[in-house]
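Chain by chain, the residues:
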Amino acid sequence: MVAPTDSYVKKPNFLVTLIQKPPKKLLRPMVAILFVLTVWQVICSAPGAPLPSPSKVVSDTWELIVNPFFVREGTDVGIFWQIFASLQRVAVGYSLAAIVGISAGILLGCNPFLYDAFDPLFQVLRTIPPLAWLPISLAVFQAFNPLEKAGVKVNEVAAIFVIFVTAVWPIVMNTTVGVQQIPQDYKNVAKVLQLPARKYFFKILFPASVPYIFSGLRIGIGLSWLAIVAAEMLVGGVGIGFFIWDNYNSSRTSHIILGLLYVGIVGLLLDRLIAFIARLVVPEEQKE
């Protein structure tokens, strides 16, 4: 039996194909990044430049890049553990904000009286900068630390509270709008069919408002990551924010730049994670 001629045709290697014909969506960002690095290298290679060039950043921080898991004494740990500590705080604060924010948003969206009563207050509170909450939270939790028995320090609780209070407002606002945008026809159908509260929630309210909820969650995760970096600069301890501040005090600019790059990359990954979950949860007909 003679095998088909096509089976003898050698298929091109995937990596070779990618190099020879890179997709436009990959090629264009690579060109942009290369352009920025080249400009940065040229500008900062001059004597007396205020910032180190990319090549100097890499050479100065090479040990941190290739060995992110080391653990020495106190806060002298690898950059993986610095980011991991920050992510732990964000996970706790953001989860609390999601639970409280979605619950409060649904309540306000369903009840016009509560919305009229609390919306002006929330509009004022949401404009307060995250770090402005830090002094009051430190004062409160120094007087009463609810997690003291669990061994959680006051600074940790204050940092988690700052994340919570930063992320909760966009989640509340977007959830409220999502519930208020449910078409009146849906509500009329629910009344005609006399749907129980549980069925109304799972069959109408949640599917109709979930795109708005995830818009708030995406905004909230970005703000949480911004807040934790700023808060850790003040409360100290292991964390990427403290890592950046500690290296500023030690005049190690290359280390600061490396920390900023990691902050940006992790922030992007967190945003993409929430977007991925949204694609799984949001009904197909409501996707843009």
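Rules behind the numbers
Residues numbered from 1 in each chain as written. Predicted model: local features only at pLDDT ≥ 70, side-chain atom pairs only at ≥ 80, totals over all residues. Heavy atoms only, no water. Patch = residues over 30% accessible without salt bridge, like charges linked within 9 Å, V, L, I, M, F, W, Y side chains within 5 Å. Areas by Shrake-Rupley, 256 points an atom, 1.4 Å probe, with all protein chains shown as cover. Salt bridge = Lys/Arg side-chain N within 4 Å of Asp/Glu carboxyl O. Helix = DSSP H or I, 4+ residues; strand = E, 2+ residues; numbered from the N terminus. Buried < 20%, exposed > 50% of the residue type's maximum accessible area, 1.4 Å probe, protein only. Core = buried A, V, L, I, M, F, W, Y, C linked by side-chain atoms within 4.5 Å. Contact = heavy atoms within 4.5 Å. pLDDT = per-residue confidence, 0-100. Arc of directions from axis to C-beta. Axes fitted to C-alpha atoms, helices over the stretch in contact; angles between N-to-C directions. Parallel < 35°, antiparallel > 145°, perpendicular 65-115°, else oblique. Left-handed = near helix turned anticlockwise from the far one by under 90°. Nonpolar A, V, L, I, M, F, W, Y, C, P; charged D, E, K, R; others polar. Phe/Tyr/Trp six-rings, centres within 6.5 Å; stacked < 30°, edge-to-face > 60°. Lys NZ or Arg CZ within 6 Å of the ring centre and 35° of its normal. Expected span 1.5 Å × (residues − 1). Bend = angle between axes of the 7 residues up to and from the residue.

On the surface, a cluster of nonpolar side chains totalling about 510 Å² of accessible area is made up of Phe206, Leu273, Phe276, Ile277, Leu280 and Val281. Of the residues forming the nonpolar patch, the biggest block, 5 residues, is contributed by helix H12 (residues 253-281). With relative accessibility at 61%, the residue leucine 280 sits in the exposed group.

In this section: the nonpolar core. With 48 residues, the main nonpolar core has Val90, Tyr94, Phe214, Leu217, Trp225, Ile228 and Ile240 as its most contacted residues. For this core, the elements supplying multiple residues, two or more each, are helix H5 (79-110), helix H7 (133-143), helix H8 (154-180), helix H10 (197-235), helix H11 (240-249) and H12. In terms of residue count, the dominant contributor to this core is H8 (13 residues). Ignoring anything within four residues of it in the chain, the contact list for isoleucine 240 reads Ile79, Gln82, Ile83, Ser86, Trp225, Val229, Glu232, Gly259 and Val263.

Working definition: two side chains of opposite charge can pair if their charged atoms are close together. What the rule picks out here adds up to 6 salt bridges. Across the pair arginine 89 and glutamate 156 runs a salt bridge whose closest N-O atoms are separated by 2.7 Å. Taken together, the positions of arginine 89 in helix H5 and glutamate 156 in helix H8 put the pair 67 residues apart, joining distant regions of the chain. Looking at arginine 89, the relative accessible area reads 5%, which means it is buried. Accessibility expressed as a relative area gives 27% for glutamate 156, which makes it partly exposed. Here aspartate 271 ties to arginine 218 by a salt bridge, and the two come within 2.7 Å at their closest N and O atoms.

Right, let's talk about the confidence of the model for the chain for a bit. Where the model shows low pLDDT, its predicted coordinates should not be examined in detail. The share of residues in the chain with pLDDT of 70 or more is 90%, and the mean pLDDT across the chain is 86. Within the chain, the lowest mean pLDDT, 63, falls on helix H1 (residues 14-20), and the highest, 94, falls on H5.

Another point: H7. Considered for burial, the residues of H7 that qualify are Trp133, Leu134, Ser137 and Phe141. End-on, the buried residues of H7 take up no more than an arc of 90 degrees, which puts them together on one face. Away from its buried face, by an angle of more than 90 degrees, H7 presents the exposed residues Pro135, Gln142 and Ala143. In this fold, the buried residues of H7 make contact with helix H6 (112-125), H8 and H10.

Glancing now at the environment of phenylalanine 242. Inspection of the secondary structure puts phenylalanine 242 in helix H11. With a relative accessible area of 17%, phenylalanine 242 lands in the buried category. Separated by 167 residues in sequence, phenylalanine 242 and threonine 75 have C-alpha atoms that sit 9.0 Å apart. In this structure phenylalanine 242 touches Thr75, Glu232, Met233, Gly236 and Gly237, once residues within four positions along its chain are discounted.

Moving on, we come to the packing of H11 against H12. At a minimum axis distance of 8 Å, the contact between H11 and H12 shows a crossing angle of 160 degrees. Regarding the angle of H11 to H12, the classification is roughly antiparallel. Judged by the sense of rotation from one axis to the other, the crossing of H11 with H12 is left-handed. Of the residues in H12, those in contact with Ile240, Phe243, Ile244, Asn247 and Tyr248 of H11 are His255, Ile256, Gly259, Leu260 and Val263. When its residues are assigned to classes, the contact of H11 with H12 shows 7 nonpolar, 3 polar and no charged.

What follows deals with the packing of aromatic side chains. Tallied over the full model, the rule gives 12 aromatic pairs. Taking the centre distance of 4.8 Å and the plane angle of 55 degrees together, the rings of phenylalanine 69 and phenylalanine 80 count as tilted. Here phenylalanine 69 is found in the loop between helix H4 (62-66) and H5, whereas its partner phenylalanine 80 is found in helix H5, with 11 residues between them in sequence. Taken together, the aromatic side chains of Phe69, Phe80, Trp81 and Phe84 make up a single cluster linked through ring pairs. Over the ring of phenylalanine 70 we find arginine 72; its NZ or CZ atom is 4.2 Å from the centre of that ring.

With that out of the way, let us pick up H10. Two residues of an α-helix separated by three or four positions point the same way, owing to the 3.6 residues in each turn. The end-to-end C-alpha distance of H10, which contains 39 residues, comes to just 44 Å, noticeably less than the 57 Å that a straight helix rising 1.5 Å per residue would cover. At valine 210, H10 is bent by approximately 50 degrees, the largest bend along its length, and proline proline 211 sits one to four residues beyond.

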